[in-house]
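Listed here are the chains, written in short residue letters.
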Amino acid sequence: MGKINRTVSVVVVGGGQAGLSASYYLCKSGIDHVVLERSKRFHSWKNDRWDSFCLVTPNWQCRLPNWPYNGNDPDGYMNKNELIDYLEGFAKSFNAPLLEGIKVTEVSRSSAGKFQVETSDYSWTASQVILATGSYDVQKKPSFSDNLSPRISQIGSKHYKSPADIPEGMCLVVGTGQSGVQMMEDLWLAGRQVSLSVGSAPRSPRLYRGKDSTDWLYEIGEYSKSIDQQPDPKTTEAKTNHYLSGRDGGHEIDLRKFAQSGLALYGTVSKIEGEKIYFSPDLEANLDLADKSYLRICELIDDYIEKNSIDAPAKPTFKKLWRPEKEVALIDAKEKNITSVIWCTGFTPDYSWLKIDCLDERGRPIHKRGVSNQEGLFFLGLNWLHTWGSGRFLSVADDAEYVVSQIAQKIEHVVV
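What you see is a predicted model, and the numbers here were worked out from it, not measured in a lab. (Residues numbered from 1 in each chain as written. Predicted model: local features only at pLDDT ≥ 70, side-chain atom pairs only at ≥ 80, totals over all residues. Heavy atoms only, no water.)

**Considerations on the environment of Met184**
Thinking step 1. Here Met184 lies in helix H4 (residues 178–189).
Thinking step 2. Met184 sits in the buried class, given a relative accessible area of 0%.
Thinking step 3. Each C-alpha atom, one on Met184 and one on Ser195, is 7.5 Å from the other, the two residues being 11 residues apart in sequence. (Helix = DSSP H or I, 4+ residues; strand = E, 2+ residues; numbered from the N terminus. Buried < 20%, exposed > 50% of the residue type's maximum accessible area, 1.4 Å probe, protein only.)

This is how it looks when you write it as structure tokens:
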């Protein structure tokens, strides 16, 4: 016997903050729909983050639909448990038609022009589909990681929870996006042996001239600029997030300062042969790139303060606290007592189940503010879907409201 087929106007794939934001506006518009979540709602926040995780953007930027942050620390940074409470509060604030534990196995177009959504449970026929599955499905890891000595534990960033889970000995953290530098710091603060392979990720000031840098950038209008207003939209889409921390009240992370305190820094891992780990000679260049990004943000803020005659603390003097005397090309993992490697080398979305021609040559969705090049198909929750805040709590609600407004125009029985 085949699967039972159900019909609904809209299927939303993904029950995280993006999918449920869409559901909120679909409910508000009276549009019948279903939200399909392969795990439990907010699974990634609950299970794929480390124990000391906290937001790197201030709490006031949490603006899910009709559910702004209302705690007593708007300028603070919620820890993992506080964030989960915030998300669960949002989910319980309205009656979303959410089905959990339902894995979507295929989305295709039927001969009648409708969408056919196959799942581990039912088949669904819909006139519109919103894909809100995000960008963090599959961990990117270099193929040569398979060559690493089996003596050394390899841990993906989704699986790191706390220093207590890491084998005794030196841990090499590979990658300096937000996860990489924060996991390195987590181990460092726990007094563990840790070293870091530095990539090309940018960094940002935290408190600058009297305010959080993200407060300044929001006030300046940087976060309201669309992807189309960027000099090179494709490059912007692919950029790694700036690294900084919200831990212990928030602070910036200067890797030169860590190196000055004894942290071993290396360039990008280029090759592995058993116990031998090779690095590209790009450590200093990568540190300089991070500083360049840092200084660009400072300059934006300085110019804004000057232009608007704002009374703010004086501009601080920037100093490079440390630079490598020479680039390390090769280390012997056994000699360095490396017993584990944490791969913080990014993620990529998995659209293997999407049987519709709507991806570009890079495997990224073709869309305009979430509206796909295929009639009736929409995307939400992607980095730079429309603005910097699209993949964050700041603007995911704005994008969801826009996408649902486009759907509402196409569905005749909307209750106004």
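That covers the picture; the talk isn't over yet.
**Some points on the sheet that holds strand E18 (residues 330–332)**
Thinking step 1. Read from one edge of the open sheet, three strands run E16-E17-E18, paired in antiparallel fashion. Looking at strand neighbours, the two that pair on one side only are strand E16 (269–273) and E18, the edges of this open sheet. Recorded for the sheet is a direction-independent mean angle of 20° between the axes of neighbouring strands.
Thinking step 2. Note that E16 and strand E17 (residues 276–279) share four bridges and pair antiparallel. Its bridge partner being in E17, Lys271 is matched across the sheet by Tyr278. (Pairing = 2+ DSSP bridges. Axes fitted to C-alpha atoms, helices over the stretch in contact; angles between N-to-C directions.)

**Considering unusual backbone geometry**
Most peptide bonds take the trans form, and the phi angle of most residues other than glycine is negative.
Thinking step 1. Even without being glycine, Asp248 reaches a positive phi, approximately 50°.
Thinking step 2. Tracing the backbone shows Asp248 in the loop between helix H6 (233–238) and helix H7 (255–260).
Thinking step 3. Given the relative accessible area of 68%, Asp248 is considered exposed.
Thinking step 4. One non-glycine residue, Asn337, lies in positive phi territory at about 60°.
Thinking step 5. With respect to the helices and strands, Asn337 occurs in the loop between E18 and strand E19 (338–343).
Thinking step 6. You can call Asn337 partly exposed: its relative accessible area is 37%.

**Focus: the sheet that holds strand E15 (residues 264–266)**
Thinking step 1. Within the open sheet, the five strands sit side by side as E10-E19-E11-E12-E15. Their pairing is parallel. Pairing within the sheet leaves two strands with one partner each, and these edge strands are strand E10 (153–156) and E15. With direction set aside, neighbouring strand axes in the sheet form an average angle of 20°.
Thinking step 2. Note that E10 and E19 share four bridges and pair parallel. Counterpart to Gln154 in the pairing with E19 is Val341.

**Overview of the packing of helix H1 (residues 17–28) against helix H3 (residues 80–92)**
Thinking step 1. Where H1 contacts H3, the axes come no closer than 10 Å and their chain directions differ by 25°. Classified by the angle their axes make, H1 and H3 are roughly parallel. In this structure, H1 crosses over H3, and the sense of that crossing is left-handed. Residues Gln17, Leu20, Ser21 and Tyr24 of H1 pack against Leu87, Phe90 and Ala91 of H3.
Thinking step 2. Each residue belonging to the contact of H1 with H3 can be placed in one class, and the counts come to five nonpolar, two polar and no charged. (Parallel < 35°, antiparallel > 145°, perpendicular 65-115°, else oblique. Left-handed = near helix turned anticlockwise from the far one by under 90°. Contact = heavy atoms within 4.5 Å. Nonpolar A, V, L, I, M, F, W, Y, C, P; charged D, E, K, R; others polar.)

**Points about the nonpolar core**
Thinking step 1. If you look at the biggest cluster of nonpolar residues, it comprises 88 residues, and the most contacted ones within it are Val11, Ile130, Leu255 and Ile342.
Thinking step 2. Contact partners of Ile342, with chain neighbours within four places excluded, come to Ile155, Ser157, Tyr160, Ile166, Cys171, Leu172, Val173, Val174, Met183 and Leu187. (Core = buried A, V, L, I, M, F, W, Y, C linked by side-chain atoms within 4.5 Å.)

**Things to note about the packing of helix H5 (residues 213–220) against helix H8 (residues 283–307)**
Thinking step 1. Where H5 meets H8, the axes come as close as 10 Å, and the angle between the chain directions of the two elements is 55°. By the angle between their directions, the pair H5 and H8 is classed as oblique. Relative to H8, H5 is oriented so that their crossing is left-handed. In this structure, H5 uses Ser213, Trp216, Leu217, Glu219 and Ile220 to contact H8, whose residues at the interface are Ile297, Leu300, Ile301, Tyr304 and Ile305.
Thinking step 2. Its residues placed into classes, the contact of H5 with H8 shows eight nonpolar, one polar and one charged.

**Remarks on the pattern of salt bridges**
Thinking step 1. Taken as a whole, this structure holds 26 salt bridges when the rule is applied.
Thinking step 2. Note that Arg41 is salt-bridged to Glu100, the shortest N-O span being 4.0 Å. Residue Arg41 is found in the loop between strand E2 (33–37) and helix H2 (43–47), and its partner Glu100 is found in strand E5 (residues 98–100); the two are separated by 59 residues along the sequence.
Thinking step 3. For Arg256, the salt bridge goes to Asp291, with nearest N and O atoms at 2.8 Å. Here Asp291 lies in helix H8 and Arg256 lies in helix H7, a separation of 35 residues in the sequence. The same class applies to Arg256 as to Asp291, namely buried.
Thinking step 4. Bridged by salt links that share partners, the residues Arg203, Asp254, Arg256, Asp288, Asp291 and Lys320 form one connected network. (Salt bridge = Lys/Arg side-chain N within 4 Å of Asp/Glu carboxyl O.)

**Overview of the side chain of Gln17**
Thinking step 1. Within the secondary structure, Gln17 is located in helix H1.
Thinking step 2. The class of Gln17 is buried, set by a relative accessible area of 15%.
Thinking step 3. A polar contact is formed between the side chain of Gln17 and the side chain of Trp45, at a distance of 2.9 Å.
Thinking step 4. Not counting chain neighbours up to four residues away, the residues in contact with Gln17 comprise Phe42, Trp45, Leu64, Leu87 and Phe393. (Polar contact = N/O pair within 3.5 Å; in protein donor to acceptor, adjacent residues only side chain to side chain.)

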